[in-house]
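# Chain and residue survey
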Amino acid sequence: MGALKPWHIAILVVVLILLFGAKRLPDAARSLGRSLRIIKAETKSLQDDDRDLAEKADAQSGYQPLPPYAGQQQPQQAPYQAPPQQPVADPVQRVRDN
């Protein structure tokens, strides 16, 4: 059950010939083959791009900064301080005041 028998294939071929005609079937098969080749090439290039990105990510994740020289001290960094905030004036309110 569900297996494709030889007479199923024969009926399918007859229906295709009746629908498209014997002259258009080779052209249709040729264009279908080209389309499948293009799809195969594109999917392969996408897989290669993904593989290249993964290799680059692996190479970057192994990065470690060099330790300082034995006689050199690391400079002390001051803690980050946000700049003082100035009051924000509403441009619409400024126009109304003038």
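Just so it is clear, the structure is predicted and the values come from calculations on it, not from any experiment.

### Examining the overall build of the protein chain
- For the protein chain, the helix and strand inventory stands at three helices and zero strands.
- Its helices and strands taken in sequence order, the protein chain reads α-α-α from the N to the C terminus.
- Counting only residues that meet the buried cut, the protein chain has 0% of its 98 residues in that class.
- In the form shown here, the protein chain has an accessible surface area of approximately 10,300 Å², with 60% of it arising from carbon and sulfur atoms.

### Thoughts on the environment of Ile 17
- Residue placement: Ile 17 occurs in helix H1 (residues 6-20).
- Using a relative accessible area of 39% as the deciding quantity, one classes Ile 17 as partly exposed.

### A few points about a nonpolar patch on the surface
- On the surface, Trp 7, Ile 11, Leu 12, Val 15, Leu 16, Leu 19 and Phe 20 cluster together to form a nonpolar patch covering roughly 710 Å² of accessible area.
- If you trace the backbone, Val 15 turns up in helix H1.
- For Val 15, a relative accessible area of 39% translates into the label partly exposed.

### Looking at the pattern of salt bridges
- Evaluation of the coordinates by the stated rule reveals two salt bridges.
- The closest approach of N and O atoms between Arg 30 and Asp 27, which form a salt bridge, is 2.8 Å. Here Arg 30 and its partner Asp 27 are both found in helix H2 (residues 25-61), three residues apart, which amounts to about one turn of the helix.
- Here Asp 48 ties to Arg 51 by a salt bridge, and the two come within 3.0 Å at their closest N and O atoms. Here the residue Asp 48 and the residue Arg 51 both occupy positions in helix H2, the gap between them amounting to three residues, near one helical turn.
- With a relative accessible area of 27%, Asp 48 lands in the partly exposed category.
- With relative accessibility at 46%, the residue Arg 51 sits in the partly exposed group.

### A few points about a negative patch on the surface
- On the surface, Asp 49, Asp 50, Asp 52 and Glu 55 cluster together into a patch of negative charge.
- As for its placement among the helices and strands, Glu 55 is situated in helix H2.

### Notes on H1
- In a regular helix each residue adds 1.5 Å, so 15 residues correspond to 21 Å; H1 covers 21 Å between its end C-alpha atoms and thus fits that length.
- Looking at the residues trailing H1, positive phi occurs at Gly 21, about 90 degrees.

### Some thoughts on the confidence of the model for the protein chain
- Here the protein chain shows a mean pLDDT of 78. Residues at 70 or above account for 72%.
- When mean pLDDT is taken per element in the protein chain, H1 scores highest with 88 and helix H3 (residues 91-97) scores lowest with 66.

Conventions and cut-offs
Residues numbered from 1 in each chain as written. Predicted model: local features only at pLDDT ≥ 70, side-chain atom pairs only at ≥ 80, totals over all residues. Heavy atoms only, no water. Helix = DSSP H or I, 4+ residues; strand = E, 2+ residues; numbered from the N terminus. Buried < 20%, exposed > 50% of the residue type's maximum accessible area, 1.4 Å probe, protein only. Areas by Shrake-Rupley, 256 points an atom, 1.4 Å probe, with all protein chains shown as cover. Patch = residues over 30% accessible without salt bridge, like charges linked within 9 Å, V, L, I, M, F, W, Y side chains within 5 Å. Salt bridge = Lys/Arg side-chain N within 4 Å of Asp/Glu carboxyl O. Lys, Arg positive; Asp, Glu negative; His and termini not counted. Charge placed at Lys NZ, Arg CZ, Asp CG, Glu CD. Expected span 1.5 Å × (residues − 1). pLDDT = per-residue confidence, 0-100.

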